[in-house]
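The residues making up each chain are set out below.
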Amino acid sequence: MPETKIFSVNPEHVDSAIISSAAEVLKRGGLVVFPTETVYGLGADALNTQAVEKVFDAKGRPADNPLIVHISKEEQLFDIIDEMPKVGTLLTKQFWPGPLTLVVKRTFLVPDNVVAHMDTVAVRMPNHPVALALIEAFGGGVVAPSANLSTKPSPTTAQHVLSDLRGKVDMILDAGPTPIGVESTVVDITTDPPLILRHGGLPIERIAAIAPRIQVAVEVESLMRSPGTRHRHYAPAAQVVVVEEGDSEAYAAAVQTHRQQGKQVGAIVHSASLVNLERSQFVRALPNSPEIIAQQLYSLLREMDDYGVQVVVVEGIAKQGLGAAVMDRIKRAAESS
Ligand code: TXA
Ligand code: MG
């Protein structure tokens with residue numbers, strides 16, 4: 001087991017000596033956790049089968065769940081994909097670097113374990129100075145799933161990473177909390193119309209402005225195309241219960257029912273009618289903003305577990321903008337409870 005080294009990196013003034021040593025670790029086939037604008041990623045050399053294998057081992061990730069290859073400039077795609085479809089060129093022009101992952105036909109150079117033996121590969125250019133500096137210094141594609149244990153909520157701080165992966169990775173680059181807080185939006189552009197496989201940090205409304213034919217993959221389709229979505233995901237140890245936005249009666253009833261069963265109940269709410277109902281130790285009141293809720297959600301779910309909360313009642317949110325990704329994650333957490 002490697003000893004995990006942690007380095008603080010200021011995203012506004014990235015220390016090039018730390019970045020070079022992290023890039024060396026990647027070149028030797030090691031694992032480096034780095035921040036992106038969405039969540040922390042568990043990085044390895046995308047063209048090194050053994051290094052990729054270590055990523056699956058460290059996370060306890062099922063082998064049938066493919067990884068995203070991260071790049072810092074488009075030339076790095078030459079090894080990874082044969083051709084970028086036209087719609088992909090339009091989308092990357094507008095949204096890269098950024099929280100958009102594209103699924104494209106892959107080359108034979110990409111190891112089979114990266115793509116779970118499929119003929120497509122997911123690629124993205126993250127919009128974070130530390131991620132971009134690391135990939136640039138490494139000089140090629142870097143696979144990076146979220147740096148959490150499989151089934152746990154994705155990490156938005158280096159502390160989350162440590163509590164899941166200490167002793168399982170060589171290095172962690174800590175640049176503070178990640179700004180977006182939910183994972184990238186995954187879009188399959190091998191099909192016409194293009195399909196959203198996972199809602200995420202780039203809202204569908206913004207993608208539709210460039211690719212108006214875009215559709216959301218229905219559950220079955222997305223299960224087939226995006227194996228990751230069929231595994232248990234994003235779930236804290238506590239049971240998650242969702243109530244509709246602004247429904248203070250349902251909220252009060254859910255809290256009361258579980259308390260009567262002798263359970264420690266927590267809540268994450270944002271509407272005034274729910275916030276004003278009670279302000280107890282485990283009630284977290286957020287501003288009524290999908291951006292802030294997205295940024296805080298995973299952190300709050302982990303915090304509830306740390307407190308030993310057994311049931312978390314989470315207020316839903318309209319599926320607009322980042323609200324779609326937030327609702328998707330909350331629903332998945334509730335389904336796997
Ligand atoms: O924001 C993010 O995307 C973060 C940061 C670190 O970049 N990464 C991330 O990776 O969330 P991961 O491995 O936790 O999620 C990757 C998702 C999974 O749902 C996986 O099934 C899907 O992308 N995926 C990867 N390759 C695919 C492919 N070839 N076809 C369809 N879906 C794919
Ligand atoms: Mg993940």
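As the structure is a computational prediction, the values presented were derived from the model and not from experiment.

(A) Inspection of helix α2 (residues 49-59) at higher detail. Here α2 has its buried residues at A51, V52, V55, F56, A58 and K59. All buried residues of α2 fall inside an arc of 165 degrees around its axis, so they share one side. Exposed residues on α2 whose side chains face more than 90 degrees from its buried face are Q50 and D57. Its buried side turned inward, α2 meets β3 (41-45), β7 (142-143) and α5 (158-165). If you check the start of α2, you find a side-chain oxygen 3.0 Å away from the backbone N of Q50, and it comes from N48. One or two positions beyond α2, positive phi appears at G60, with a value near 70 degrees.

(B) Broad picture of unusual backbone geometry. With an omega dihedral of -5 degrees, the bond running from W96 to P97 counts as a cis peptide bond. Mapped onto the elements of the fold, P97 is located in the loop between α3 (86-95) and β5 (100-105). In this structure, P193 follows D192 across a cis peptide bond, with omega equal to 0 degrees. As for its placement among the helices and strands, P193 is situated in the loop between β9 (185-188) and β10 (195-198). One non-glycine residue, A116, lies in positive phi territory at about 50 degrees. Residue placement: A116 occurs in the loop between β5 and β6 (120-124).

(C) Spotlight on the side chain of S184. Mapped onto the elements of the fold, S184 is located in the loop between β8 (171-174) and β9. The exposure class assigned to S184 is buried, which follows from its relative accessible area of 2%. Filtering out sequence-adjacent residues up to four positions away, S184 remains in contact with T38, I68, P99, L100, T101, R124, R198, H199, G200 and G201.

(D) A look at the packing of aromatic side chains. The final tally for this structure, using the stated rule, is one aromatic pair. Relative to Y307, the ring of F282 has its centre 5.1 Å away and its plane inclined at 50 degrees; by these criteria the two rings are tilted. Within this pair, whereas F282 is found in the loop between α9 (272-275) and β14 (283-285), its partner Y307 is found in helix α10 (residues 290-307), the two being separated by 25 residues in sequence.

(E) Structural view of the sheet that holds strand β1 (residues 5-8). Reading across from one edge, β1-β8-β2-β3-β7-β4-β6-β5-β9-β10-β11 is the order of the 11 strands in this open sheet, with mixed pairing throughout. Looking at which strands have only one partner, the edges of the open sheet turn out to be β1 and β11 (215-216). One ladder, built from two bridges, connects β3 with β7; its direction is antiparallel. Directly across from A44, in β7, lies its bridge partner V143. Relative to the sheet, helix α1 (residues 16-27) contacts β1, β2 (32-34), β3, β7 and β8, its axis offset from that of β8 by approximately 145 degrees. Across the sheet, α5 touches β1, β2, β3 and β8, and the angle it forms with β8 is around 160 degrees.

(F) Representation of the domain arrangement of the protein within the structure. Taken domain by domain, the protein consists of domain 1 (5-223) and domain 2 (239-336). Inter-centroid distance (C-alpha atoms) of domain 1 to domain 2 is 28 Å. Contact residues are listed per partner, giving 23 residues for domain 1 and 13 residues for domain 2. Between domain 1 and domain 2, roughly 1500 Å² of surface is buried when both sides are summed, and carbon and sulfur atoms account for 54% of that area. Taken as a group, P153, V182 and H199 account for 33% of the area that domain 1 buries against domain 2, more than any other trio of residues on that side. Across the domain 1-domain 2 interface, the total number found is two salt bridges. For the salt bridge of E183 with R329, the shortest nitrogen-to-oxygen distance reads 2.9 Å. At the boundary of domain 1 and domain 2, one finds eight residue pairs in polar contact (both at pLDDT 80 or more). A per-element tally of the side of domain 1 that touches domain 2 places α5 first, with three residues.

Quick notes on the rules
- Residues numbered from 1 in each chain as written.
- Chains lettered and ligands numbered in written order.
- Predicted model: local features only at pLDDT ≥ 70, side-chain atom pairs only at ≥ 80, totals over all residues.
- Heavy atoms only, no water.
- Buried < 20%, exposed > 50% of the residue type's maximum accessible area, 1.4 Å probe, protein only.
- Helix = DSSP H or I, 4+ residues; strand = E, 2+ residues; numbered from the N terminus.
- Arc of directions from axis to C-beta.
- Contact = heavy atoms within 4.5 Å.
- Polar contact = N/O pair within 3.5 Å; in protein donor to acceptor, adjacent residues only side chain to side chain.
- Phe/Tyr/Trp six-rings, centres within 6.5 Å; stacked < 30°, edge-to-face > 60°.
- Pairing = 2+ DSSP bridges.
- Axes fitted to C-alpha atoms, helices over the stretch in contact; angles between N-to-C directions.
- Domains from an automatic or database assignment.
- Buried area = accessible area lost by both parts, 1.4 Å probe.
- Salt bridge = Lys/Arg side-chain N within 4 Å of Asp/Glu carboxyl O.

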